[in-house]
Amino acid sequence: MNARDAAAWEALRQRCASCQACALGRTRTKSVFGVGRQDSPVLFVGEGPGQQEDLQGEPFVGAAGKLLDEMLSIIDLGRDNCYITNIVKCRPPGNRDPREEEQAACVGFLREQIALVRPRLIICLGRIAAGVLIEKDYRITRQHGQWIERDGIWYTAIYHPSALLRDLRRRPETFLDLLSIRDKVREVCPELYAQRG
Ligand code: URA
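Just so it is clear, the model here is predicted, and its values are computed rather than measured.

Observations regarding helix 5 (residues 100-117)
Between its terminal C-alpha atoms helix 5 stretches 25 Å, which fits the 26 Å expected from 18 residues at 1.5 Å a residue. Considering bend angle alone, the principal kink of helix 5 is centred on C106 and spans about 40°. Within helix 5 the residues assigned to the buried category are E102, Q103, C106, V107, F109, L110, Q113, I114, L116 and V117. Of the residues trailing helix 5, R118 is marked for its positive phi of about 55°.

Structure follows, in structure tokens:
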């Protein structure tokens, strides 16, 4: 990574750590910025931190995170070669959905992260991320697994790992979506697998 990108990442991380742009800033323990390879072609976007993430400052470290790691391994990916973040960077109390005004206050961080990562594929984890990044009123039950291309980036959405923990019936269709993501990674950024050997 060049020095200018490194400085931009650091400045963004610091702004996020001290952000008070919405009410979530008052109740968080730690803001949860993102994790992984900062120039990965594959970006995963969840909803917002849960309790464990709030305590540790890292995305997807709780039960949903364990399942996400298994989902990544089906795509032959790991936390070291993709980037993972959320729509909102601070925990909504009681794990409720982030409110529209909280999403609006926070989405600038995600937009700047996307500009720095420059991904070729963006995988939305769940309805909230898909509603922000793909289409308002996205219907995850009907539209999951579909691909759209916009400005050189391929987007899809799959069920959120927390939804898959609650509802096992969604897992077979998610498995097919994960295979489709693996195929798309092979097609769009084959170097990612080649680098792994
Ligand atoms: N759920 C999310 O959407 N993001 C996390 O980081 C953890 C759980």
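Picking up after the structure, the text goes on.
A closer look at the site of the ligand
The full set of residues close to the ligand is G46, E47, G48, E53, P59, F60, N86 and H160. H160 places a polar side-chain atom, nitrogen or oxygen, 2.8 Å from an oxygen atom of the ligand. For the ligand, whose accessible area on its own is 240 Å², the fraction buried by protein is 93%.

Some details on the pairing of strand 4 (residues 121-125)
Working note: regular strand, side chains alternate between the two faces of the sheet. Counting buried positions along strand 4 gives five out of five residues, so the element sits mostly inside the fold. Residue alternation in strand 4 divides its side chains into two sets, L121, I123 and L125 and I122 and C124, and both sets are buried. Pairing analysis gives four bridges linking strand 2 (residues 42-46) to strand 4, with the strands arranged parallel. In the sheet register, V45 faces strand 4, and the bridge partner there is C124. The pairing of strand 4 with strand 6 (residues 153-158) spans five bridges and is classified as parallel. Looking at strand 6, one finds that C124 is bridged to A157.

About the thresholds
- Every chain begins its residue count from 1, and numbering advances along the sequence as written.
- Owing to the predicted nature of the model, reporting of local features is limited to residues with pLDDT of at least 70; listing and counting of side-chain atom pairs is limited to 80 or more, with chain, interface and lining totals taken over all residues.
- The basis for every side-chain value is the complete set of non-hydrogen atoms in the structure, without hydrogens or water.
- The numbering of helices and of strands both runs from the N terminus, where a helix is a DSSP run of H or I of at least 4 residues and a strand a run of E of at least 2.
- Helix span, as expected, comes to 1.5 Å for every residue beyond the first.
- Here the bend at a residue means the angle between the axes of two seven-residue stretches, the one that ends at it and the one that starts at it.
- Three exposure classes are used, based on accessible area relative to the maximum for each residue type with a 1.4 Å probe and protein chains only: buried under 20%, partly exposed in between, and exposed over 50%.
- Here a residue is near a molecule or strand as soon as one of its heavy atoms is found within 4 Å of it.
- In protein, a polar contact means a hydrogen-donor-capable atom and an acceptor-capable atom, both N or O and within 3.5 Å, with residues adjacent in sequence counting only if both atoms are side-chain atoms; elsewhere, any N or O pair within 3.5 Å suffices.
- Reported accessibility uses the Shrake-Rupley method at a 1.4 Å probe radius. Residues are deemed covered only where the shown protein chains occlude them.
- Note on pairing: two strands pair once DSSP finds at least 2 bridges between them.

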